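Okay, here's what each chain looks like letter by letter:
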Amino acid sequence: ALYGNRKPQFAPGSRWEYSNYGFILLGLIVEKASGQSYYDYVREHIYKPSGMASTDALPDREGVPNRSVGYTRTGVLLRPNNDTLPFRGTSAGGGYSTVEDLLRFANALLGHDLLNVQYTTLLTTGQVDTPRGRYGYGFTDVTSDGIRSIGHGGGAPGMNGELRIYPDSGYIVAVLANINP
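Residues numbered from 1 in each chain as written. Predicted model: local features only at pLDDT ≥ 70, side-chain atom pairs only at ≥ 80, totals over all residues. Heavy atoms only, no water.

Caption draft 1: Up close: a nonpolar patch on the surface. Taken together, the side chains of L25, L26, L28 and I29 make up a nonpolar region of the molecular surface, amounting to roughly 360 Å² of accessible area. Along the chain, the position of L28 falls in helix α1 (residues 20-34). (Patch = residues over 30% accessible without salt bridge, like charges linked within 9 Å, V, L, I, M, F, W, Y side chains within 5 Å. Areas by Shrake-Rupley, 256 points an atom, 1.4 Å probe, with all protein chains shown as cover. Salt bridge = Lys/Arg side-chain N within 4 Å of Asp/Glu carboxyl O. Helix = DSSP H or I, 4+ residues; strand = E, 2+ residues; numbered from the N terminus.)

Written out as structure tokens, the structure is:
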């Protein structure tokens, strides 16, 4: 009901397509299964164990120290993205973080502080082919020139980010920008 009465675009399991609606649904499943709000669950089970003190999705009316302003381009001018921001981030995106916190998350994931080896492997292993590699459970799984990386990126007006984890070498690349993708 949240997104209206829509028929499936294709038979389940017949192809892959990224879905923000799917991530909204996943957030609701987390709430029902855990008995906590999505935000409390993520804070308790991901941010805290990872040591991510500057990551959250607080409502826009709550001040966040040092939060950057996003900018969109109109011709040659840059203007703040304030009028495009959601009231609050969701399980489909719109939260905020720092490159340091993204590094903490990647290290916690690789160190099995969040999930055991079996579930970390399941989470980060590509399951279906996409135009940009394989997609697992929230992570892209790409091999380029024999080098495997996992991660996820995203963006919206005035914000853009990418996290790439290279499990074989241990390298981690976290990039955030306060401009359009």
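Caption draft 2: Main features of the side chain of D141. Looking at the element boundaries, D141 is found in strand β5 (residues 140-144). A relative accessible area of 11% places D141 in the buried class. Polar contacts involving the side chain of D141 include one to the main-chain amide nitrogen of G126, which spans 2.8 Å. Polar contacts involving the side chain of D141 include one to the side chain of R148, which spans 2.9 Å. Not counting residues within four places of it along the chain, the set of residues in contact with D141 comprises T124, T125, G126, G133, R134, R148, S149 and I150. (Buried < 20%, exposed > 50% of the residue type's maximum accessible area, 1.4 Å probe, protein only. Polar contact = N/O pair within 3.5 Å; in protein donor to acceptor, adjacent residues only side chain to side chain. Contact = heavy atoms within 4.5 Å.)

Caption draft 3: Highlighting the nonpolar core. F105, A106, L109, L163, I165 and I172 are the most contacted members of the largest nonpolar core, which totals 15 residues. Within the residue set of this core, elements represented by two or more residues are α2 (38-50), α3 (99-110) and β7 (159-166). Discounting residues that sit within four places of it in the chain, I165 has contacts with A106, L109, L110, R148, S149, I150, Y171 and I172. (Core = buried A, V, L, I, M, F, W, Y, C linked by side-chain atoms within 4.5 Å.)

Caption draft 4: Quick look at unusual backbone geometry. In the Ramachandran plot, N66 falls in the positive-phi region, its phi being about 65 degrees despite a non-glycine side chain. Within the secondary structure, N66 sits in the loop between α2 and β1 (71-74).

Caption draft 5: Molecular detail of the pairing of strand β8 (residues 171-177). With seven bridges joining them, β7 and β8 adopt antiparallel strand pairing. Of the residues in β8, the one forming a bridge with G161 is L176. Linking β7 back to β8 in an antiparallel pair, the connection comprises four residues, with G170 at a positive phi of about 85 degrees. (Pairing = 2+ DSSP bridges.)

Caption draft 6: Up close: the pattern of salt bridges. The final tally for this structure, using the stated rule, is eight salt bridges. Here D101 and R104 are joined by a salt bridge, their closest N and O atoms 2.7 Å apart. You can see D101 and its partner R104 sitting in helix α3, three residues apart, about one turn around the helix. Linking R164 and E162 is a salt bridge whose minimum nitrogen-to-oxygen distance equals 3.3 Å. Judged by relative accessible area, E162 falls into the partly exposed class, the value being 31%. Members of the salt-bridge network, linked through shared partners, are D40, R43 and D56.

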